[in-house]
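Report on the structure
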Amino acid sequence: MRKKAEELRYQYHNAPIPGGGYATGFVFQPKVDGMIYLRTDIGGSYRFDKDSQRWISLCDHVTMEDRAETYPIAIAVDERHPEKLYIASGIWNQPEGKFSVSEDYGENFRHYRMPMPIHGNLPGRGTGYRLIVDKGDENTLYFASQTSGLWRTRSLGESWEKLTAMPEEYLTFVGQSLDGSALIVGAAGVSTKNSESRSGAALYVSYDEGESFETLWQPEYMGPEETPGGPKILRGPVAQRYAVDKCFLYVTYASRCETLFRPELGYSCDAGKVTDGHVVRYELYKIMEDGHSRTRVGEARDITPDWDKRCVPDFPGSEKPCLHLGFSGIDVNLRIPGLVICSTIRKSKGDSIYRSLDYGETWEEILHDLDVGVVTIRTSYMKPEYNSRHSMVHWMTDLKIDPNDENQAWFNTGSGVFRTRNLLADVVEFTDWSDGVEETVHINVYAPPSGDVLLLDILGDLGGFAFRDLTKPCENSFADADGNRYVTCLNADYSDQDPNLIAVTPRGNWTGMTKGGLILSRDNGKSFERLPMPFGLSDKLDEALHRIEMPNVNSGWVAMSPDGQNLVWSVARGIRLPLDMVVVSHDQGKTFEQIEVFDQEGKRKIDGGFKVFSDRMNSKIFYGFGDHSDLYLSRDGGGTYQQLEVQGLDQEIDFTIIDCADRTEVRVESGRSGVIYFAAGEKGLWRLQCEMGEGSEPAFIRAERLGDPADRFYHLGLGLLRPDGDYMREEKALYVNANIGGNYGFFRSLDRGRIFQKLNNDRQCFGDINSIDGDKRVFGRFFIGTGSRGVLYGEPVSTVPNSME
């Protein structure tokens, strides 16, 4: 019988960023003052704590072995029972979703299956509400799915039935009139399309609880038609969001245009380009039926803001006026009759918020980029000076007015959330307020053994951060000399001998102000120089390098020798690292040449993948990892590689994938040459000893499997072995994210994998995990790079006050 791992009490902090990702929707609980819930595309759900003015994660219990709750598509509350909370979530390639029910404001959940695919990070994620509690029956909920039609449960999620009277499968929202007698459903018009280029109905109403439906008026499509040779896109209005007051139903519309249209996964009117936006107001009136007053939806009126500013699109054969933007967010406040706010999406020169005090008869623009309204930035990397002198407000698909405070409102963005506390003022002031929201995707984390930087954090979208203080956000992410940020970085390497030297592989930002490639810091991450691109070595490489210079394209993987002179760059093609696109520089990036790789028979290899790591002590030695467990050694500073015999490694592993698709984590030990550790999920945790060979003896690698073969080791980092220890001279502590003996979590071993101590409890799992590393200077501390909950560090309880225990 296997011994259960010892469990140590640990506490966790985020190294704060904050925000950083797409916040997709809000839901207020009107019966509790100031209570609002937030869903995100990849970071799970949050509840706002009024006392601390911080967002509280509701997903810290989620493991990377079941990540569904980190992708919520809908949240619902019940006004009759304020403590109840319902969340629908799921992973796109699984046939069923997850329905989570809480009776204590999200502190604890029970879960049920949902018989349809769900994913909170696919097209249509910015629309809603998709989940509502029936106003007439607290046990009944309706759910508008992304690709599978309209559903209902009468048992609080224990079982579901599909409402087959709804003809459209691709839905955007479901709602009710205030009295619950009218059921409103928004749609994308994909399965009811009128032709191969024109979508079908976008709005439906049912007066018999979904037994039958009729279509409601929708705007005529006035956007551009398909251009010859252009993408095949269904064009037409998509109902985005809705709001209801005592007099009217308000619906926002947007139409697809050019990008991110994938009907097999949904549709997109949030992140992709959109056009021909509308805001439509539908009159609500009452009839008497069977002695009861019932709501009916009546006449529609287009009340789109700035109608007089509509332009004539410059497309052949089109003379129809249209706005080259969409509308999405919309809300009302029942305390102030006539108060309506709405938001644009994908407006070319910055999105806007409009306010009306007369039910949409007239509008006033209260926010636009940096020239209308006041935007105060609290989070440094969001400042305009780091973002091409523009606001970072984008993908503003939802906004909500506090039902108990008409002066307070929130809106979402692709980089967190904003709020105002003076919505009715002549000049409205907005500020970012993502305190506690950490939903960035961290690809690799590194804890250098020396220097001012305690944590090198490599992440998606925002690029990278060099944390000198783990309790404070960095001033900016990795940027050029003018402060223009790079975006998604794939990895970094640093010198253990000179902490000032750091090499990074970034993408260029979306504006084109920075270009992807290879960047180098000579001052411990304070500034970066973009190295020359190695054009002219091969046509294939030139094509890839030109592509990398375009916005938001993966650049690859870098390894740097301890003296900083030798740089090996595996240039990326997507998430792959082709062997024939690896280059080396022996002069710190001034010039490059292609590497040469030879198999065990001495024949030159040109096919397959190749990822390179540097020895931490010897600047002449580099290690090559292939796509079939093939391993290589370079003794000339990374220029030529010889395949080595590998003794004892009985698993076939592809080491040559990058980004979040990488299922391995490799760590080369400092303090001695030739020792490498790696984790490969179900294929185990391994220690490699590279025997260099003496004289005529060939070099080879001896592989030792650590831990039990039945255990799964997902990620690995190396840290200080003992208090007051010497990281460079002593053995290393192993930190792993693993499932050991059926127990999932974070573990530490101080004896090379013989005994593991568990470092977390069931509420300290933090969702998707991409990387971990041990602190080289503080015993017991380690770092976690998540794909859903930011970057965290854990320490033993006795050393850390006021953190997540």
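Residues numbered from 1 in each chain as written. Predicted model: local features only at pLDDT ≥ 70, side-chain atom pairs only at ≥ 80, totals over all residues. Heavy atoms only, no water.

A look at the overall build of the protein
On a plain count of helices and strands, the protein comes out with 1 helix and 60 strands. Relative to the 2.2 N^0.38 estimate, which gives 28 Å for 805 residues, the radius of gyration of the protein is 28 Å and therefore close to what a compact globule would have. Along the first, second and third principal axes, the C-alpha atoms of the protein reach 100 × 65 × 45 Å. Burial statistics for the protein: of 805 residues in total, 62% are counted as buried. Carbon and sulfur atoms provide 48% of the accessible area of the protein, an area that totals close to 29,700 Å². Side chains of the protein carry 89 positive and 120 negative charges; the gap between the two charge centres is 1 Å. (Helix = DSSP H or I, 4+ residues; strand = E, 2+ residues; numbered from the N terminus. Rg over C-alpha atoms; globule rule 2.2 N^0.38 Å. Buried < 20%, exposed > 50% of the residue type's maximum accessible area, 1.4 Å probe, protein only. Areas by Shrake-Rupley, 256 points an atom, 1.4 Å probe, with all protein chains shown as cover. Lys, Arg positive; Asp, Glu negative; His and termini not counted. Charge placed at Lys NZ, Arg CZ, Asp CG, Glu CD.)

Section: helix α1 (residues 539–548)
Turning to α1, its buried residues number three or more, namely L541, D542, A544, L545 and I548. End-on view of α1: buried residues confined to an arc of 165°, all on one side of the axis. Where α1 is buried, its residues touch β40 (567–571), β41 (582–585) and β42 (593–594). (Arc of directions from axis to C-beta. Contact = heavy atoms within 4.5 Å.)

Things to note about the pairing of strand β17 (residues 203–206)
In β17, alternate side chains face the same way, and those of L203 and V205 on one face and Y204 and S206 on the other are all buried. With 4 bridges joining them, strand β16 (residues 183–187) and β17 adopt antiparallel strand pairing. The residue bridging G186 from the neighbouring strand is L203, located in β17. Of the pairings in the sheet, the one linking β17 to strand β18 (residues 214–215) comprises 2 bridges and is antiparallel in character. Across the sheet, V205 pairs through a bridge with E214, a residue of β18. (Pairing = 2+ DSSP bridges.)

Examining the side chain of K98
Position of K98 relative to the elements: it lies in strand β9 (residues 97–102). Accessibility expressed as a relative area gives 13% for K98, which makes it buried. Within the structure, the side chain of K98 is placed 3.4 Å from the side chain of E69, a separation counted as a polar contact. Those residues in contact with K98 that lie beyond four places of it in its chain are D66, A68, E69, I87, A88, S89, H111, Y112 and M114. (Polar contact = N/O pair within 3.5 Å; in protein donor to acceptor, adjacent residues only side chain to side chain.)

Some remarks on the sheet that holds strand β3 (residues 23–28)
Judged by pairing direction, the sheet is antiparallel, and its 4 strands sit side by side in the order β3-β4-β5-β6 without closing on themselves. For this open sheet the edge positions go to β3 and β6 (54–57), each flanked by a neighbour on one side alone. Within the sheet, the average angular offset between the axes of one strand and its neighbour, ignoring direction, is 30°. Examined bridge by bridge, strand β5 (residues 45–49) and β6 share 4 bridges and lie antiparallel to one another. From the neighbouring strand, D49 faces β6, where its bridge partner is R54. (Axes fitted to C-alpha atoms, helices over the stretch in contact; angles between N-to-C directions.)

So, unusual backbone geometry
The phi torsion of most residues other than glycine is negative, and most of the peptide bonds are trans. In the segment running from G128 into Y129, the intervening peptide bond is cis, with an omega of 0°. With a phi angle near 60°, Q588 is a residue other than glycine that sits in the positive phi range. Counting through the fold element by element, Q588 comes out in the loop between β41 and β42. Unusually for a residue other than glycine, R752 sits at a positive phi of about 60°.

Overview of the nonpolar core
The nonpolar side chains of soluble globular proteins are, as a tendency, buried together. If you look at the biggest cluster of nonpolar residues, it comprises 41 residues, and the most contacted ones within it are L456, F478, V504, Y623, F625, F678 and L688. It is strand β35 (residues 487–494) that provides the largest number of residues to this core, a total of 4 residues. Those residues in contact with F678 that sit more than four places away from it in its chain are L649, I653, F655, E665, V666, G684, L685, W686, L688 and L716. Counting residues in hydrophobic clusters, the runner-up holds 32 residues, among them Y381, V393, L423 and Y793. (Core = buried A, V, L, I, M, F, W, Y, C linked by side-chain atoms within 4.5 Å.)

Brief notes about the sheet that holds strand β44 (residues 604–605)
With mixed pairing, the 6 strands of this open sheet are ordered in space as β44-β43-β48-β47-β46-β45. Bordering the open sheet on either side are β44 and β45 (611–614), each of which pairs with just one other strand. Here strand β43 (residues 596–598) pairs with strand β48 (residues 640–643) via 3 bridges, running parallel. The partner of V597 across the bridge, within β48, is Y641.

Description of the pattern of salt bridges
The tally for this structure, following the rule as stated, stands at 50 salt bridges. A salt bridge links R152 to E161; the shortest N-O distance between them is 3.1 Å. Its relative accessible area of 3% is what places R152 among the buried residues. Residues joined by salt bridges that share partners form a network here, namely R152, R154, E161, E209 and E211. (Salt bridge = Lys/Arg side-chain N within 4 Å of Asp/Glu carboxyl O.)

Some words on the state of the cysteines
All chains considered together, the criterion is met by 0 disulfides. Here C247 stays free of any disulfide, with the sulfur of C342 as its closest cysteine sulfur at 18 Å. (Disulfide = S-S within 2.5 Å.)

Regarding the packing of aromatic side chains
Summed over the entire model, instances satisfying the criterion amount to 36 aromatic pairs. Seen in terms of ring centroids, Y129 and Y242 are 5.7 Å apart; in terms of plane orientation they differ by 75°. Their pairing is edge-to-face. Of this pair, Y129 sits in the loop between β10 (110–114) and β11 (131–133) while Y242 sits in strand β19 (residues 237–244), and the two are 113 residues apart along the sequence. The partly exposed category is assigned to Y129, whose relative accessible area is 24%. On the basis of an interplanar angle of 75° and a centroid distance of 5.3 Å, the ring pair of F613 and F625 is categorised as edge-to-face. With F613 in strand β45 and F625 in strand β46 (residues 622–625), this pair connects stretches of sequence that are 12 residues apart. Neither F613 nor F625 differs from the other in exposure class; each is buried. The aromatic ring of W433 is capped on one face by R419, whose charged end is 4.7 Å from the ring centroid. Lying over the aromatic face of W557, K611 brings its terminal NZ or CZ to 4.3 Å of the ring centre. (Phe/Tyr/Trp six-rings, centres within 6.5 Å; stacked < 30°, edge-to-face > 60°. Lys NZ or Arg CZ within 6 Å of the ring centre and 35° of its normal.)

Digging into the environment of L644
With respect to the element layout, L644 can be found in the loop between β48 and β49 (645–647). When residues no more than four places from it in sequence are discounted, the contact partners of L644 are Q600, L631, Y632, L633, C690, A699, F700 and I701.

Observations regarding the environment of E7
Note that E7 resides in strand β1 (residues 6–7). Each C-alpha atom of the pair E7 and P449 lies 27 Å from the other, and the pair is 442 residues apart in sequence.

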